[in-house]
Every structure is written in structure tokens, then in C-alpha cells.
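# Chains, contacts and geometry: an overview
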Amino acid sequence: MQKIKSLMTRQGLKSPPESLSDLGAIESLRVPGKEEFRELREQPSDPQAEQELINSIEQVYFSTESFDIVKYELEKLPPVLNLQELEEYRDKLKQQQAAVSKKVADLILEKQPAYVKELERVTSLQTGLQLAAVICTNGRRHLNIAKEGFTQASLGLLANQRKRQLLIGLLKSLRTIKTLQRTDVRLSEMLEEEDYPGAIQLCLECQKAASTFKHYSCISELNSKLQDTLEQIEEQLDVALSKICKNFDINHYTKVQQAYRLLGKTQTAMDQLHMHFTQAIHNTVFQVVLGYVELCAGNTDTKFQKLQYKDLCTHVTPDSYIPCLADLCKALWGVMLSYYRTMEWHEKHDGEDAASASEGSNMMGAEETNFDRGYIKKKLEHGLTRIWQDVQLKVKTYLLGTDLSIFKYDDFIFVLDIISRLMQVGEEFCGSKSEVLQESIRKQSVNYFKNYHRTRLDELRMFLENETWELCPVKSNFSILQLHEFKFMEQSRSPSVSPSKQSSATSSKTVTLFEQYCSGGNPFEIQADHKDEETEDVLASNGYESDEQEKSAYQEYDSDSDVPEELKRDFVDEQTGDAPVKSVSRETLKSRKKSDYSLNKVNAPILTNTTLNVIRLVGKYMQMMNILKPIAFDVIHFMSQLFDYYLYAIYTFFGRNDSLESTGLGLSSSRLRTTLNRIQESLIDLEVSADSAATLTAAEERKEKVPSPHLSHLVVLTSGDTLYGLAERVVATESLVFLAEQFEFLQPHLDAVMPAVKKPFLQQFYSQEFEQFNMRLNEVSKRVRIPLPVSNILWEHCIRLANRTIVEGYANVKKCSNEGRALMQLDFQQFLMKLEKLTDIRPIPDKEFVETYIKAYYLTENDMERWIKEHREYSTKQLTNLVNVCLGSHINKKARQKLLSAIDDIDRPKR
């Protein structure tokens, strides 16, 4: 019936019922018989008309729900019946019934062959079922015979065999359970042996076996115990991981990593490792400082253990400060070295794991391994900077805990040397420039060096005022490199390297500190300074014949009544404790034979004791400059003041009082006059008065200056017998020339220390000039009132000219490093700070002009091209310098030419 319905649907019948059983619900519909089928098929028909009749049948007749046709038709009758209409409606229904009957007859006849075929298949299936029934009957009969044939003995044998098999399985299970019960003992032994991978592997295998026998009550308790044991192993594994931070052991770390890999927690292990490194840094520095504080305190009071690290650092005594700092850096070096070796381990083993993973067939496992390896690599690289920052902060806190100005010069240099070595370690560790340490030590170094330099200038004045300008006998091959203060220049390695002399100096150029000390040793080991054991073989052979003669010369010099008390103490400064200068007394020189003064025949250098003292100071200044390059500008400025003061003293002693001065035939060089005037204005304190009403600014300025020196009364320049002191004049002049030559000799080394800027004192000179301008402006205003607008105009023009000159100075730079760029900005900020104290003009004129130019040094190639087009206020020379210096080493020739062409296009309309 369903096929008839679907067939009617394909032929366009309208919504047929789902089954012909529904048609049976239609009482007026009767299925025709064979004869009627034949009559219906033989009757002439119009298919289109029949289809229209079928389509005109109401939809409700095709409903699948129970439907009362009679009731439906009766309800449709109108209240007033019309016979003719009823007959017409009846005829219509009959026609529809005849069309449907004919359609059904056609479909049935069409499916007659399929019906016959299906009937044959049913008949064949019935035959097969009858055959199967016969086979089942025979099988039951044979089974019954076999059942009756078995005996009681046969069944007993089978039951015993089955019981035996069960007992064998039970025995095996009991043995496994016994082994599991004894596992905790073996696990404890393996943990004591630090065989973490084996312990974890055994524990995991036991857990797997326990899950197999979990139906035993004893095993359920054992499974819980194994889980607790596994957690205990993880805790011990974490403790073992923390030991790596202070003393890396490759075998120990390999076991730990294998254990974490078995647990599937390699990423968690790396997170924990970084936490341990951070904690190790904190605990290490605290324990080191605490040990020294308690040792110096001399008691076992536990109050120090409760202090914060910052407060604890303030209790370190000056005597233990340097050893504590050295041990602090040693301990931090150990932590950083362990991290370095940890990275080496992962680089090696990750490469091996990658090779083995590529050979394997498990793609999912290989992808997971690669993901873990990438995570660990990024974590380790990120940890480099984080650990170095922690180290810097800890050391900075220690440095700020004590005022470094209380230390002697050599001790202060040693502190700087340790910090310099630590910064070198940091640069090799993660490529960092140690900004935190540099800024901290720079501030303290500048303050310390200013005070130290002030004391040295006063000392130099005493030397000059007691100098008799006698010849100091040195060898003809004398070189300043023979002095102890310049021994550092003979080292082939970087100037920042520790004074503790390294035997393998040549290899340190290519071998990093981590590679050098990876297997043992420490870059912060305090080695004995053999400086005192070395001798300076600089005096001529006809100078002192023996140490006893030299000692007697010192005694004679000390007994001289003309020497002040300060120099009788061998010029040892009580604050810095500097060693005495090995000077030769005047009387000792005069007491020698005339043959001793044959130095002129061998062209020995002409210099004095004071000259040697200045040279030694220069050597000490250069030591500080080399150790701490960020203050190099300040050091060179102070170094130049030593020469300036020496030059001014020579002129004051032997030039100004010359008889030719009164005749107008004195100095003929305007350049020399300008230089002397500059020295006098910037360095010489000419206002020696006790005026209490002096301004604070003037008092501060005088602190930066030195009183003018006076020639010793032992030097006679008015006697004609000595040609008016010709010998002293020659020695003084030639010593000045010799000192100038040494500064020229040291120039390449100074340039190597400061490759960034060739004219380092531009801003400082400007600052001094503005201070002088402000002082003179105040003096003029005391006589004539200067209106504020006029004062502001003067300041504005001066500042604009200075700022534009600064930019022009930067445009003359031939090479600029990263440190140089930073120093440009730093120097200009210091210059602005001084200006803001001198004038109330806000904003500072042309401030953006300078800052914009400095920031251009950081631009990339693309940004530089846009910047050049937007900033037409700079000259062609200034723009060209940015391209050549800023980007010169980072772009190719074509790109540089493109930028230069853009500059030329800007300059063309100006022509």
C-alpha cells in the first residue's frame, strides 16, 4: 500500500494518505475487484481530466487521522436541501471516486510483476526455514547422546583443572601484592640515593599494578599510600631542584629533569626553577651580609636576623665593607653561573631530544616535546634579564647602605673595580648595560671624586709653593708607563678589568668570564696586591746609590725647617691615605757631585718632583675613568684642571714677574693670554676675603676654585749671578712641556675610553661661562639697575646661541656609540638644570631644538627620511651628520645615498 501511495505522489496526486488503511476509513470508497479493474482500464479516459478530478478532492480526505466521512458530509449540508444540488454533488463524488479507483487499479496492475517476484522469495525463505528446523532437531539429539555419555569422573577432572588455573592466578596476584607491600622500602632507598627518575618510575608502575588489583581491600589502602609517596617524591624533587641555584651539578640536574619528564611536568619545573633562583638571590645576599654584621657586632644577638636586607646593609662596618662586597659578588656570581650552566644543559639536551623526536613516528609526542622545548627556551631567555635585575637591585641596596666618601682612594677604586667586574658579568650574562648599577655608582663616584679632586688641588698648591724647581734625576728612557699608577695600561684586556692581575690576559679577549670560570674559580677573588713588592726603576743610576741613601734623603727633606707640617708628613692625606710621593729634597740634590748632573748629555727628561706628583695623579684619575666610564667626562675635566693649575703656576712664578712684562715685551700670544684668562676665571680664587655678606652662590663658586699659588722664598730670581734664576726657569718650563707631552701621549687612550664625543667639555664650559655671566650681571646691577625685560633678552640671546652651538658641536661628531647617545642627553639635562638655577626664563629658549636633534640619533632608516623632510630648521651639515653617524654602520650605500639626496632636495631651494 505504501508503494501505491508513493507511486501516486510521483504521478502528481495531491497529498495521499500515508497508508491505504486510511482509505478504509472512508466509508464511501470501495476497492474494485478484478473485473471492475478490467472494465475501468478498458473505459476510454482522459488523463488530464482524471488528474483534475483527483486534484479537486478536498485535502481532508487524505488526512491520516481518524476521520468520519459521513459525519463530515452531513455537516456540510445546507439547512434547506435542494435535490438537484444534492444529485449534482453526488455525481461529482462518484466521478472523483471513479477517478481514484481507476488510478489505484493502474498502480496495482503496474506493480503486479514485483508482487509475483516477492512471493517467490517468500516461498524460498519458507523452504530454508524448514531445513534449519531439521538441522536443529538433529543437533539436539546428538547433544543429548553426549550428555548421557559423560561420566562423573570426567566432570571432576575438568573441575579440578579449572580450580588449578584459578589458584595459579591467585598465587601470581598474591606475589604481586607482596611486592607492592614492600615498595615503600625500596622507594625510600632510591630517594636516599637521589635516584628520582627510578623512584618515580617505580611508583608509577606500582600505581598501574594497584589499579589492576583494586578489587582487593588491601590494595585500595596501598593505592592511597602510593599517591602520598608520589607527592612526597615531588616535594623532595623540588628541594633537589632548588639546590641547582647555588651549585650546579650536571648529573644531579639531569636526574631532576628526567624525573620531571616522567611526571609530565617539565614546564612546571621551569617555573619552579625561576622561583628558586629569585629566592636564592635573596637568601644568599642576606646570609652573606648577616654573617659580616654579626661577626663585627661580636655577639650572637638575633636582632639582626629580623631586620630587612636594606636595614641590615646599614650595619656593615667600613672595615668589613669591601670583603663583604667581594663575598656578596662571589655568591651572586655562583647563582648566575648556575643559571648559565642550566641554559647550557638545556641547549645541549634539547638538541639531542629534537634529533630523537625527528626520528620517531609518534607525531603527537613530537609536537608536545617541541612545545615544551620552546616554552623552556623562552622562559630561560626571559629569566636572564629578570635575574640580572634582581642582582643589580641587591648590590645597589648594599652600596646605598654606606657612604662611600669615608673610604680611602685605593679602597674606593677597589669598590669601583668590583662593581665594574660585576657589570662586565652582567653584560656577558644577558647583554645588559647595567643601568641600575651605573646610575647608582656614578652619583657616588662623582661626589667622591669632586671632594678628592679638591683635596688634590690643595695638595698640588702646597707642592708648588714649596717646589724649588730643582731637576729630578730620572733615566733617559723614563716613561710614565713605568710608574705604578699607569701599570693598568700595560694590560691587554679591557680597562674595566679588575686590578687583580690575571695570568691569562691574552685569552680574556675572546673567552668570556663564564667560559673562563665555568669549571672553577671566581672573578671576584681578592688577590694580594703585589704593588708594594714592585720597584719603580725610574731614577738615574747616579741619583740614589742605595735604599739607605734614599732613606737619608727623605729624612733630610723632612728635617727641613722650610717645609710646612703638611709636607713633613710625607704628604699622606688623612682622609684618603694616599701613599707619599717619592720626592727628592733640594739639599740632597745640591749635595751631589757635579758629575751627577750629566743628565743633559743623555737627553734625560727635565722634570721636577711636583711634575711627577701631577703625573701620578693623572694615572689615578685615569684608573677611575677606566673603571667607571660614565664619569669619564668629569674625570677628564678635573684632569685638565691639574694641568691648567700647573700652567698657571709656571706663568705666575716665572712669566708675570719677568722684567720684560713692564716693558710691554711680555706675552705675545693672544691664544696664551686667552687660555690664562680662562684658567684664572674658572679655577683661581682671587677673592680671599672674610665677607660674611657674600652670596651663597659666590661661596659655592669659591669651593670649586683654588687660591693662586706663590713662589717659594727659596727660589731667587733677582740675582744676576744665577742669570735671574735661569736654571729654575728652564726646569719649570721644560717640566711644563714634558707634562703637556704626556697629556698628548695619553690622548689616544682617552679617545678610546670616550669614543662618543671629541669635545667633552662643551656643556661644562658653557655652564661655567653662564655662571660667570650671571655673576658679572649681578655686579653691574649693583651699580645700575637692569630692567627685567632687558635681563631676559640678554639671557635669551645667550642661551639660544649656546644651544645652537651645542647642536653644531654634535654635528661634528665622527662616531657615536650607544653610551655616547645617552651621555648627550644626560649632559644636556645637566646643562638645563644649571640654567634653570641661574635664570627664571621658562621655557628655556631652543630647548626643543637640541632635544629633537639628540632624539634623532635613535631613529631608524624609514623614520629618518620622514624626520629629515619635517625638520627644515637644521642645516645640511647637521642633517648629513645624522645620516653618516647615526645610521652609517646600519644601512647600505644605496639607502644612505637616498637619505643624502633627500637632504640635498631640502637644501636646493635655499641656494
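Residues numbered from 1 in each chain as written. Predicted model: local features only at pLDDT ≥ 70, side-chain atom pairs only at ≥ 80, totals over all residues. Heavy atoms only, no water.

Moving on, we get to the packing of aromatic side chains. When we look at a pair of aromatic rings, we describe it by the centre distance and by the angle of the planes. With the rule as written, the count across this model stands at 31 aromatic pairs. Considering the side-chain rings of Phe849 and Tyr874, the 4.6 Å spacing of their centres and the 25° angle between planes classify their relative orientation as stacked. Of the two residues, Phe849 is situated in helix α31 (residues 847-855) and Tyr874 in the loop between α32 (861-870) and α33 (876-886); the sequence distance between them amounts to 25 residues. The pair Phe849 / Tyr874 is uniform in exposure class, with both members buried. Cluster of aromatic residues (ring-pair linked, three or more members): Phe277, Trp333, Tyr339, Tyr340, Phe429, Phe514 and Tyr517. Looking at Arg456, its charged tip hangs above the ring of Tyr452, at a distance of 4.5 Å from the centre. (Phe/Tyr/Trp six-rings, centres within 6.5 Å; stacked < 30°, edge-to-face > 60°. Helix = DSSP H or I, 4+ residues; strand = E, 2+ residues; numbered from the N terminus. Buried < 20%, exposed > 50% of the residue type's maximum accessible area, 1.4 Å probe, protein only. Lys NZ or Arg CZ within 6 Å of the ring centre and 35° of its normal.)

Turning our attention to the nonpolar core. In this structure, Val289 and Tyr398 are the most contacted members of the largest nonpolar core, which totals 143 residues. One finds Trp795, Leu835, Val850 and Ile903 within the second-largest nonpolar core, a separate group that totals 37 residues. (Core = buried A, V, L, I, M, F, W, Y, C linked by side-chain atoms within 4.5 Å.)

On to the side chain of Thr342. Tracing the backbone through its elements, the reader meets Thr342 in helix α14 (residues 318-359). Classification of Thr342 by relative accessible area gives buried; the value is 0%. Within the local environment of Thr342, its side chain forms a polar contact with the backbone oxygen of Ser338, the two atoms lying 2.7 Å apart. Apart from the residues lying within four places of it in its own chain, the contact partners of Thr342 are Ile244, Phe248, Tyr253, Leu273 and Phe277. (Polar contact = N/O pair within 3.5 Å; in protein donor to acceptor, adjacent residues only side chain to side chain. Contact = heavy atoms within 4.5 Å.)

What follows covers helix α5 (residues 83-110). In this model α5 runs 40 Å from its N-terminal to its C-terminal C-alpha over 28 residues, within 8% of the 40 Å that 1.5 Å per residue would give. Within α5, burial applies to Gln96, Ala99, Val100, Ser101, Lys102, Lys103, Val104, Ala105 and Leu107. (Expected span 1.5 Å × (residues − 1).)

Among the surface-exposed residues, Glu344, Glu347, Glu381 and Glu515 lie close enough to one another that they form a single negatively charged patch. Tracing the backbone shows Glu515 in helix α18 (residues 513-516). Residue class for Glu515 comes out partly exposed when judged on its relative accessible area of 45%. (Patch = residues over 30% accessible without salt bridge, like charges linked within 9 Å, V, L, I, M, F, W, Y side chains within 5 Å. Areas by Shrake-Rupley, 256 points an atom, 1.4 Å probe, with all protein chains shown as cover. Salt bridge = Lys/Arg side-chain N within 4 Å of Asp/Glu carboxyl O. Lys, Arg positive; Asp, Glu negative; His and termini not counted. Charge placed at Lys NZ, Arg CZ, Asp CG, Glu CD.)

Detailed conclusions should not be drawn from predicted coordinates in areas where pLDDT is low. Per-residue confidence for the chain gives a mean pLDDT of 75; residues scoring 70 or more make up 72%. Across residues 528-533 the pLDDT falls below 50, and counting only partners more than four positions away or on other chains, this stretch makes two contacts in the model. (pLDDT = per-residue confidence, 0-100.)

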